[in-house]
Amino acid sequence: NEKHENVKYLKGKTFTNNVVADPDIMSAVKGATLLIFVTPHQFLKFDALQTAELGPDCKAISLIKGIEFEEGGPRLISGIIKDSMGGMDTSVLMGANVANEVAADEFCESTVGFATEGAGAVWQKLFDCPTFRVGKIKDVAGVELCGALKNVVALGGCFCDG
């Protein structure tokens, strides 16, 4: 909070003054109308969030690349978020981007996969800027699967190429 910097993962990249770290999840989300999930999927915890005082018509977006495997088969992270948050409108943002490239304002592109047009418009407006172009499509599962599987395909291509 003092340096407005993630010294572990984005050393030297300063956040704006309105970005404040809050270790208390209930305080951090109180009154929120938009929730952004951007943590490794194995660390997702919803116990506290299920009783949080969120704002009206709160929406969520997942930037988490991955698929969870359960007894019934594979599950998309967006589905886990949606179910855990009582059916909350959940979108995804996926692209071939690396955090340090985004933080350095290098040109990047991503796609919002949404279920409702209103949510897609909100997320696109929130994230889109001259160095981070955001498209949108009404296809949460398709966008999320592409985001999760692109690295598998890239590695497979490298392995085949030698």
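About the cut-offs
Residues numbered from 1 in each chain as written. Predicted model: local features only at pLDDT ≥ 70, side-chain atom pairs only at ≥ 80, totals over all residues. Heavy atoms only, no water. Salt bridge = Lys/Arg side-chain N within 4 Å of Asp/Glu carboxyl O. Buried < 20%, exposed > 50% of the residue type's maximum accessible area, 1.4 Å probe, protein only. Helix = DSSP H or I, 4+ residues; strand = E, 2+ residues; numbered from the N terminus. Arc of directions from axis to C-beta. Contact = heavy atoms within 4.5 Å. Pairing = 2+ DSSP bridges. Axes fitted to C-alpha atoms, helices over the stretch in contact; angles between N-to-C directions. Phe/Tyr/Trp six-rings, centres within 6.5 Å; stacked < 30°, edge-to-face > 60°.

(A) Spotlight on the pattern of salt bridges. This structure, assessed with the given rule, holds five salt bridges. For Lys59, the salt bridge is made with Asp57, and the minimal N-O distance between the two is 2.8 Å. Residue Lys59 is classed as buried on the basis of its relative accessible area of 12%. We classify Asp57 as exposed; its relative accessible area is 62%.

(B) Structural view of helix 4 (residues 117–127). Taken together, the buried positions of helix 4 are Ala119, Gly120, Trp123 and Phe127. All buried residues of helix 4 lie within an arc of 100° about the axis, which places them on one face of the element. Next to the buried residues of helix 4 lie strand 1 (34–37), strand 2 (59–62), strand 5 (90–94), strand 6 (108–113) and strand 7 (132–137).

(C) Spatial organisation of the environment of Gly95. Among the structural elements, Gly95 can be located in the loop between strand 5 and helix 3 (99–103). For Gly95, a relative accessible area of 15% translates into the label buried. Setting aside its immediate chain neighbours within four residues, Gly95 contacts Lys65, Glu109, Ser110 and Lys150.

(D) Seen up close, the pairing of strand 3 (residues 67–70). The pairing of strand 3 with strand 4 (residues 73–76) spans four bridges and is antiparallel. Across the sheet, the residue bridging to Glu68 is Arg75, located in strand 4. The turn linking strand 3 back onto strand 4 is made up of two residues.

(E) Seen up close, the sheet that holds strand 2. Taken together, the five strands give an open sheet; going across it, the order is 1-2-5-6-7, and neighbouring strands pair in mixed fashion. The open sheet has two edge strands with one neighbour each: strand 1 and strand 7. For this sheet, the mean angle separating the axes of adjacent strands, direction not counted, is 25°. Where strand 6 lies against strand 7, six bridges are found, and the strand directions are parallel. Paired with Ser110 across the two strands is Val134, which belongs to strand 7.

(F) Expanded view of the packing of aromatic side chains. In the structure shown here, the tally under the stated rule is one aromatic pair. Seen from their ring centres, Trp123 and Phe127 are 6.1 Å apart, and the 25° between their planes marks the pair as stacked. Placement of the pair is Trp123 and Phe127 together in helix 4, with a separation of four residues, close to one helical turn. Classification of Trp123 as buried rests on a relative accessible area of 0%. Using a relative accessible area of 18% as the deciding quantity, one classes Phe127 as buried.

By themselves, these figures tell us nothing about what the structure is for.
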